[in-house]
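# Results of the structural survey
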Amino acid sequence: MSMDYIRLGRTGLMVSATSFGALPIQRISFDDAVLLVRQALHGGVNYFDTANAYTDSEEKLGMAFVGVRRESYIISTKSGATTKAGVLAHVELSLRRLRTDYVDILQLHNPNPLPDPDDPDGAYAGLLEARGRGWVRFIGVTNHGLPRAEAAVLSGKYDTLQYPFCVLASEKDEKLVQLCKERDIGFIAMKGMSGGLLTDAKAAFAYIRRFPNVVPIWGVQKASELTEFLSYAENPPPEDAETAAAIDRDRRELAGEFCRACGYCLPCPAGIDIPQCARRKYFLMRSPVPQQLTDEIRDAMLRINDCKNCRSCANKCPYGLDTPRLLRENLAYYEQFYKEHKA
Ligand code: SF4
Ligand code: SF4
């Protein structure tokens, strides 16, 4: 197996250019998760990203690493706590679940606003204390909001930034990558497949490879998905006309105002599955028709009619989407599609 390793900014950590996002392993059994992580290790992956909030993801990673030399893999996890005490309690729990006495990178999980680094009882003080105790080596932050991500990088307070970055990135997102490069901050790319919206893994992989300081953590839950990414790590897609056309097609069809499926708008008091319903139009454009016309999906879409217009979703959306409007547009598109294809 051949794998490139990338220096993760000022941490100096050399992480695999194809790394592992451990959010989706929540959805598979412990046995399958252990097999998947072992397959990744065997394929040269040495960096795994998880979070305190990802239910049993940390425990599954911990189980998979039993018997593996600790220095041979790198772990980052996250805490969504907003106080020093809360962060420290989260780290203690993460260490137990991960069966280790340190994590390499501890990230604040999408803080909004960013914490005051001078607050002695705040989350940032918790990061410093955890580092002082030797529980973590480096401190980072994740964010879905561009202004906060930029502010975090410019503050110089974090060693790494984790941010959504994929073939649909805007010019401003690309500038953020450049800013991290200039400041020597490690850039960890989440949502490389845009939460399932992108279907061309080869194009997604090729786009991210254009940015040598970006470390993608591909969220995988099946051996076949991992095998595909590992095959691109071994034989990177060439930067030829075919790859360029695939990248252009995704950008043309999907770029702009679209839901990234981050789920921060949930729960919805009307029980609407916002991340799924707000992207239905794109699924219709890209998935085989019968899968989209089931009673289950139609019921989920029709629930949009119960929207109370409380705007809680729009207020929480880190991308500033007018979520209720997006939902209504998706429902109208779906109903038209349903009429045309169900008959
Ligand atoms: S505005 Fe509608 S979709 Fe958004 S949270 Fe309120 S009820 Fe749910
Ligand atoms: S509407 Fe916004 S907050 Fe909700 S899932 Fe989509 S991108 Fe995330």
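Provided above is the structure to which this section pertains.
In every chain, residue numbers begin from 1 and rise along the written sequence. The order in which chains are written sets their letters, starting at A; the order in which ligands are written sets their numbers, starting at 1. Residues qualify for local features only when their pLDDT is at least 70, as the model is predicted, and side-chain atom pairs are given and counted only at 80 or more; totals for whole chains, interfaces and linings, by contrast, use all residues.

### Let's talk about the pairing of strand E6 (residues 103–108)
Each residue is classified by how many other C-beta atoms fall within 10 Å of its C-beta atom, where C-beta atoms are placed from the backbone; a count of 20 or more means buried, 12 or fewer means exposed, and values in between mean partly exposed. Every helix listed is a DSSP run of H or I at least four residues long, and every strand listed is a run of E at least two residues long, numbered separately from the N terminus. Along E6, six of the six residues are buried, which leaves the element largely enclosed by surrounding structure. Strands qualify as paired when DSSP identifies two bridges or more between them. Relative to E6, strand E5 (residues 74–79) runs parallel, the two sharing four bridges. When the bridges of E6 are listed, Thr77 appears paired with Leu106. Convention used here: a crossover is right-handed provided that the path from the first strand, over the helix, to the second strand proceeds clockwise when the strands point away from the viewer. The handedness of the E5 to E6 crossover, carried by helix H3 (residues 84–98), is right-handed. Pairing geometry for E6 and strand E7 (residues 136–142), over five bridges, is parallel. Its bridge partner being in E7, Gln107 is matched across the sheet by Gly140. The parallel pair E6 and E7 is bridged by helix H4 (residues 123–132), and the resulting crossover is right-handed.

### Side note on the sheet that holds strand E9 (residues 186–190)
Taken in spatial order, the eight strands line up as E3-E4-E5-E6-E7-E8-E9-E10 and close into a barrel, and their pairing is parallel. Averaged over all neighbouring strand pairs, the angle between strand axes comes to 30 degrees, with direction disregarded. Bridge count for strand E4 (residues 47–49) against E5 is three bridges, and the pairing is parallel. Looking across to E5, one finds that Tyr47 is bridged to Ile74. A fitted line through C-alpha atoms represents every axis, and for helices the fit uses only the stretch in contact; the resulting angles, taken between N-to-C directions, go from 0 to 180 degrees.

### Some remarks on the site of ligand 1
Nearness rests on one distance test: the residue's C-beta atom, set from the backbone, must lie within 6 Å of the molecule or strand. Near ligand 1 you find 15 residues, and of these Cys268, Ala270, Cys307, Cys310 and Cys313 are the closest. Looking at the shell around ligand 1, the elements with two or more residues in it are helix H14 (312–316) and helix H15 (323–342). Throughout this entry, Asp, Glu, Lys and Arg are counted as charged residues, while Ala, Val, Leu, Ile, Met, Phe, Trp, Tyr, Cys and Pro are counted as nonpolar. The remaining residues, Gly among them, count as polar. Per-class residue counts for the shell around ligand 1 are 10 nonpolar, three polar and two charged.

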